[in-house]
Each structure stands twice: as C-alpha cells, then as structure tokens.
Amino acid sequence: FRSPRSPLRTAVHLASSPPAFLLAYGVVTAANAATWWLVGRGLAGRPAWFALPDQDSAVRTALAVAVVAVGSGTLAQVHGELEDALAQLEASPWVDAARGRGEPVAGLILRGLLPTLAHAVADRIAILVGSLVVVEKVLLIPGMGALLFDAAVARDYDVALAIAVATTTLVVGARLAADLVRRWIDPRLR
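The written sequence of each chain sets the order in which its residues are numbered from 1. Given that this is a predicted model, residues contribute local features only at a pLDDT of at least 70 and side-chain atom pairs are listed and counted only at 80 or more, while totals for whole chains, interfaces and linings are drawn from all residues. To get the side-chain values, take all heavy atoms of the structure and skip hydrogens and water.

**Examining the environment of Val181**
Okay, step 1: As for its position among the elements, Val181 is in helix α8 (residues 157-185).
Okay, step 2: We classify Val181 as partly exposed; its relative accessible area is 22%.
Okay, step 3: Placed 66 residues apart in sequence, Val181 and Pro115 show a C-alpha to C-alpha distance of 6.1 Å.
Okay, step 4: Any two residues whose heavy atoms approach within 4.5 Å are treated as being in contact. Excluding residues within four positions of it along the chain, Val181 makes contact with Leu114, Pro115 and Ala118. Where helices and strands are cited, they refer to DSSP runs of H or I of at least four residues and of E of at least two residues respectively, numbered from the N terminus. The classification of residues rests on relative accessible area computed with a 1.4 Å probe and restricted to protein chains. Under 20% of the type maximum is buried, over 50% is exposed, and intermediate values are partly exposed.

**Some details on a nonpolar patch on the surface**
Okay, step 1: Think of a patch as exposed residues, more than 30% relative accessible area, with no salt bridge, where like charges cluster within 9 Å and nonpolar side chains (Val, Leu, Ile, Met, Phe, Trp, Tyr) cluster within 5 Å. We get accessible surface area from the Shrake-Rupley algorithm with a probe of 1.4 Å; when it comes to residues, only the shown protein chains can shield them. Whenever a carboxyl oxygen of Asp or Glu lies within 4 Å of a side-chain nitrogen of Lys or Arg, that contact is scored as a salt bridge. A surface patch of nonpolar side chains, amounting to about 310 Å² of accessible area, comprises Trp37, Leu38 and Leu43.
Okay, step 2: Looking at the element boundaries, Trp37 is found in helix α2 (residues 20-40).
Okay, step 3: The class for Trp37 is partly exposed, based on a relative accessible area of 43%.

**Let's talk about the nonpolar core**
Okay, step 1: Take the buried residues of types Ala, Val, Leu, Ile, Met, Phe, Trp, Tyr and Cys, join any two whose side-chain atoms come within 4.5 Å, and each joined set is a nonpolar core. Ranked by size, the top nonpolar core spans 7 residues in total: Ala85, Leu89, Val95, Ala98, Val105, Ile109 and Leu113.
Okay, step 2: Where this core is concerned, the elements lending two or more residues are α4 (74-90), α5 (93-100) and α6 (106-138).
Okay, step 3: Every residue in contact with Leu113, bar those within four places of it in the chain, is listed here: Leu82, Ala85, Leu86 and Leu89.

**Some thoughts on α6**
Okay, step 1: Here α6 is 33 residues long, yet its end C-alpha atoms lie only 41 Å apart, well below the 48 Å a rise of 1.5 Å per residue gives.
Okay, step 2: The angle between axes fitted to the seven-residue stretch ending at a residue and the seven-residue stretch beginning at it gives the bend at that residue. At Arg124, α6 shows its largest kink, close to 45 degrees.
Okay, step 3: Two residues or fewer past α6, Leu140 is found with a positive phi of approximately 55 degrees. Take the number of residues in a helix, subtract one, and multiply by 1.5 Å to get its expected span.

**A word on the packing of aromatic side chains**
Okay, step 1: Working definition: a ring pair exists when centres of Phe, Tyr or Trp rings (six-membered ring for Trp) sit within 6.5 Å. Plane angles under 30 degrees give stacked, over 60 give edge-to-face, the rest tilted. All told, the structure shown has 0 aromatic pairs when counted by the stated rule.
Okay, step 2: If you follow Arg111 out to its NZ or CZ, it ends over the ring of Trp184, 5.4 Å from the centre. Over a ring means this: the NZ of a Lys or the CZ of an Arg is within 6 Å of the ring centre and within 35 degrees of the ring normal.

Printed below as a string of structure tokens:
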C-alpha cells in the first residue's frame, strides 16, 4: 500500500537528493555569504559564530544535524515510511472501531507508529554515523567523525579501531532497541 505522493514528500525528496558533503558546503557558503551581505550593509553586527571555526557554536551543531538528516536521504526515507504507515493505521479497522466508540485515536496511532519509527532509525543509523565523518570535517566540529578522519590520515590504527568498535556497538544497540520496542508494542511477538 503506497499513498499518493504528497507535495511535502516531493519537497523532502528534492532536498535530500544532494550528498551530505555537498549540502554542508552549500549551507555553510550560503550562511557566510548572507551574513557577510548583512554585515556589509550595516543591517546586522558581526555574529559570534561568523568565521570563527575554532569556537563552539550552536548554529554549527544545528547545521550539522540538519545536513546529516537531509543530505543522507534519511529524512526523505523516514518521512515516506511514516507517511505510509500513518495512512495504513488511519485506515485500519481497529482505529475505525475506536473512532466509532468515540475514543481518542491519537494515542493508538502514535503507539502504532513507534515500531515503524524505531526500525526506520535503526536501519539508517550506520549511514548517519558515516555521514558524521564528512560533516564534522566540513563544518569543523570536533567530534568522533573528525577524530576518525584524523586517525585515518595519521595511520593511528588503535584510535580508528576503537572508534569503529564504538560505532558498531551503537549500530547494534540501535537495532536491538528497535526490536525491543517492536516486541513491547506488538503482543503477537511476546
């Protein structure tokens, strides 16, 4: 069962089409150009995050999260899966029965969407972790991805192996958590 493609789904797919590193570069270039234009015209003062790559910035962190979610295609895929699952849940007989009894259905639908969301995230966690290497280097964010890149360049195999084990543990843990959520929600699996 596939619902018809909504305009929101089309927009999300178009935004998710460029690779993460290209999207990160474009976002950073556009943000810097727009800020420089505003500062040059006297419309804004120089913000603390502008052109200061050695300092922490909430703006850079937010950009990194957005770029990884959108640029990896994850946002489009998860949105599509949730939209399809929502359409199936809303058309299901047990939701119709709850509506017929006058009961609220929002909790039922959210509970039904939880396993879909958990598996969607678990299926894409490896892609998200891999995207961090590129995005952290492009946005100059000191993190595990940047550390892995630096360790690979320096041939520091111990650090690279430790990061690989940590990310593998994260991916396996996410998949286990998704299976546990599904088992907790679906009584047929108990």
